[in-house]
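Overview (structure and organization)
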Number of protein chains: 2
Amino acid sequence: MDKYDPLKLENQLCFPLYACAKEIVRKYKPFLEELDLTYTQYITMMVLWERKEMNVKTLGEWLYLDSGTLTPVLKKLESKGYVTRKRQKKDERNLCVSITEKGEELKNSAIEIPGKMGACISLSPDETKNLYELLYKMLRIL
Amino acid sequence: MDKYDPLKLENQLCFPLYACAKEIVRKYKPFLEELDLTYTQYITMMVLWERKEMNVKTLGEWLYLDSGTLTPVLKKLESKGYVTRKRQKKDERNLCVSITEKGEELKNSAIEIPGKMGACISLSPDETKNLYELLYKMLRIL
DNA sequence: TGCACTTTTATTGTATACAATTTAATTTAC
DNA sequence: GTAAATTAAATTGTATACAATAAAAGTGCA
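This text gives an overview of the structure that appears in the document. (Residues numbered from 1 in each chain as written. Chains lettered and ligands numbered in written order. Predicted model: local features only at pLDDT ≥ 70, side-chain atom pairs only at ≥ 80, totals over all residues. Heavy atoms only, no water.)

Before going further, it helps to examine the sheet that holds strand β3 (residues 95-99) of chain A. Residue and element names in this part refer to chain A. The 3 strands are arranged β1-β3-β2 in an open sheet whose pairing can be described as antiparallel. Both outer strands of the open sheet, β1 (53-55) and β2 (83-87), are each paired with one neighbouring strand and no more. The average undirected angle you get between the axes of adjacent strands in this sheet is 25°. Relative to β3, β1 runs antiparallel, the two sharing 3 bridges. Residue pairing in the sheet places E53 in a bridge with S98 of β3. In the packing of helix α3 (residues 56-63) onto the sheet, contacts are made with β1 and β3, and the angle to β1 comes to roughly 95°. (Pairing = 2+ DSSP bridges. Helix = DSSP H or I, 4+ residues; strand = E, 2+ residues; numbered from the N terminus. Axes fitted to C-alpha atoms, helices over the stretch in contact; angles between N-to-C directions. Contact = heavy atoms within 4.5 Å.)

Here you go:
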């Protein structure tokens with residue numbers, strides 16, 4: 001009868017995406033625990049390792065997160081001494097998040113994480129590239 | 001200098017996966033709101049539309065969720081009248097979750113969602129198949 | 001039988017996520 | 001030049017997620 005039922009979990013594209021994302025974040029956990037970072041804190045630091053300084057709105061655009069999520073994450077990172085939070089002189093509405101010296105140093109401890117994670121995922125380079133491009137294509141559409 | 005920095009967000013496979021999953025769930029939201037379901041409630045119902053009855057542990061294995069997440073979701077679905085929760089006679093440790101008549105009827109309202117979502121995602125059939133298979137390959141590894 | 005061990009679910013505590021609202025600062029319209 | 005509109009961040013409320021623990025039920029073996 002219903003040989004193909006669109007409402008079966010296994011016929012959904014969304015579900016493996018959702019499950020995969022969760023499982024990968026879970027895989028990161030032991031590596032990130034060594035740095036006392038959560039995944040959200042980690043990707044926030046990744047942006048700051050690259051850009052040094054950014055307001056909350058732009059950070060949110062990079063990370064696909066809003067201020068409701070970022071505000072507590074940034075306060076946490078500030079309390080750990082990895083970032084500073086200051087209102088911009090030119091426009092006090094903007095909160096400028098800057099990486100500290102201690103935040104920069106954290107990068108040295110994080111540098112091995114991508115390699116370790118790559119070993120966990122173990123897709124071929126072609127498959128990885130393929131997946132990467134499909135995901136970014138989808139992100140552009142969404 | 002650092003032409004290729006593994007700690008750049010854009011060089012990570014994990015990040016587009018994480019972002020894509022979130023954005024897709026967000027895309028579902030307006031469709032699911034019409035049914036007064038959250039995404040987690042929706043995928044739970046999808047399993048029950050297919051299997052009618054399942055204990056929490058097996059449900060968790062299908063959905064990659066644990067009892068800490070499922071218990072409140074199932075209580076909510078029970079309060080809406082879509083499922084019942086009963087201890088199994090044979091082994092009282094197991095909680096048997098069963099779909100109700102009202103739960104079955106909900107499927108008629110949900111039937112159009114996958115098509116609407118497919119229109120939002122708009123990858124080609126080949127790309128969709130490709131992505132689907134890469135994600136399931138990865139899930140098997142993880 | 002009885003007691004250690006395992007299994008299943010529920011609870012607790014922490015950290016996201018995000019919609020909706022609020023607050024404060026800035027810009028636009030007129 | 002000021003009121004209205006817009007913008008950025010923070011706050012509030014709801015719903016996940018998940019680790020760790022607790023509680024209850026079942027199993028196995030001396």
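Next comes the rest of the account.
Below, the discussion takes up the relation of the copies chain A and chain B. Of the transformation placing chain A onto chain B, the axial shift is 0.0 Å and the rotation is 180°, giving an RMSD of 0.0 Å. Here the two chains are linked by the operation of a two-fold rotation axis. (Least-squares fit on C-alpha atoms with pLDDT ≥ 70 in both.)

Taken together, 30 residues sit near DNA strand C, with T38 of chain A together with Y18, K57, S67 and R93 of chain B positioned nearest. Within 4 Å of the protein, atoms of DNA strand C come from sugar and phosphate in 81% of cases. With respect to DNA strand C, the backbone of K57 of chain B contributes an N or O atom lying 2.6 Å from a phosphate oxygen. Here a base nitrogen of DNA strand C and a side-chain polar atom of S67 of chain B are 2.8 Å apart. Residue assignment for the surface near DNA strand C shows that the elements contributing at least two residues are α2 (39-51) and α4 (67-79) of chain A together with α1 (14-34), α3 (56-63), α4 (67-79) and β2 (83-87) of chain B. The residue makeup of the surface near DNA strand C, split by class, is 6 nonpolar, 10 polar and 14 charged. (Near = heavy atom within 4 Å. Polar contact = N/O pair within 3.5 Å; in protein donor to acceptor, adjacent residues only side chain to side chain. Nonpolar A, V, L, I, M, F, W, Y, C, P; charged D, E, K, R; others polar.)

What follows deals with the protein's contact with DNA strand D. Taken together, 30 residues form the shell around DNA strand D, and within it Y18, K57, S67, T71 and R85 of chain A come nearest. In DNA strand D, the atoms that sit within 4 Å of the protein are 81% sugar and phosphate, with bases accounting for the remainder. One of the backbone nitrogen or oxygen atoms of V56 of chain A is found 3.1 Å away from a phosphate oxygen of DNA strand D. Contact distances for DNA strand D include 3.4 Å between a sugar or linking oxygen and a side-chain N or O atom of N94 of chain A. Elements with a minimum of two residues in the surface near DNA strand D: α1 (14-34), α3, α4 and β2 of chain A together with α2 (39-51) and α4 of chain B. When grouped by side-chain class, the residues that make up the surface near DNA strand D number 6 nonpolar, 10 polar and 14 charged.

Below, the discussion takes up helix α5 (residues 101-110) of chain A. All names here are of chain A. Listed as buried for α5 are G103, L106, K107 and A110. Seen from one end, α5 has its buried residues packed into an arc of 115°, which puts them on one side. Exposed side chains of α5 directed beyond 90 degrees from the buried face belong to E101 and N108. (Buried < 20%, exposed > 50% of the residue type's maximum accessible area, 1.4 Å probe, protein only. Arc of directions from axis to C-beta.)

A few words now on the layout of surface pockets. By volume, the largest pocket amounts to about 510 Å³. For the largest pocket, the lining is made up of 15 residues, of which Y18, A21, K22 and V25 of chain A together with Y18 of chain B are closest to its centre. Elements supplying a minimum of two residues to the lining of the largest pocket: α1 of chain A together with α1 of chain B. Partitioning the lining of the largest pocket into residue classes produces 8 nonpolar, 1 polar and 6 charged. Reported here for the second largest pocket is a volume of approximately 340 Å³. Lining the second largest pocket are 17 residues, and of these G118 and T128 of chain A together with N11, Q12 and L13 of chain B sit closest to its centre. Every element with two or more residues in the lining of the second largest pocket is listed here: α6 (113-121) and α7 (125-141) of chain A. Here the lining of the second largest pocket gets 4 residues from one element, more than from any other, and that element is α6 of chain A. Considered class by class, the residues forming the lining of the second largest pocket number 10 nonpolar, 5 polar and 2 charged. (1 Å grid on protein atoms, 1.4 Å probe; cavity = no way out; pocket = protein on both sides within 12 Å on 5 of 7 lines; lining within 4 Å. Points joined across faces, edges and corners; volume = space filled by probe spheres on them.)

Turning next to the environment of R93 of chain B. Residues and elements named next belong to chain B. Along the chain, R93 turns up in the loop between β2 and β3 (95-99). The exposure class of R93 is exposed, given its relative accessible area of 68%. Spatially, the C-alpha atom of R93 lies 9.8 Å from that of N55, the residues being 38 residues apart in sequence. Only 2.7 Å separates the side chain of R93 from the side chain of D91, close enough to count as a polar contact.

Okay, the interface of chain A and chain B next. On the side of chain B, 53 residues touch chain A, which itself brings 54 residues to the contact. The three residues of chain A that bury the most area against chain B are L7, L13 and L142 of chain A, which together make up 13% of that side's buried surface. For K8 of chain B, the salt bridge identified is with E50 of chain A, shortest N-O distance 3.8 Å. The interface formed by chain A and chain B holds 10 residue pairs in polar contact (both at pLDDT 80 or more) in total. Those elements giving two or more residues to the side of chain A that touches chain B turn out to be α1, α2, α3, α5, α6 and α7 of chain A. When residues in the side of chain A that touches chain B are grouped by element, the largest group, 14 residues, is from α1 of chain A. Per-class residue counts for the side of chain A that touches chain B are 39 nonpolar, 4 polar and 11 charged. (Buried area = accessible area lost by both parts, 1.4 Å probe. Salt bridge = Lys/Arg side-chain N within 4 Å of Asp/Glu carboxyl O.)

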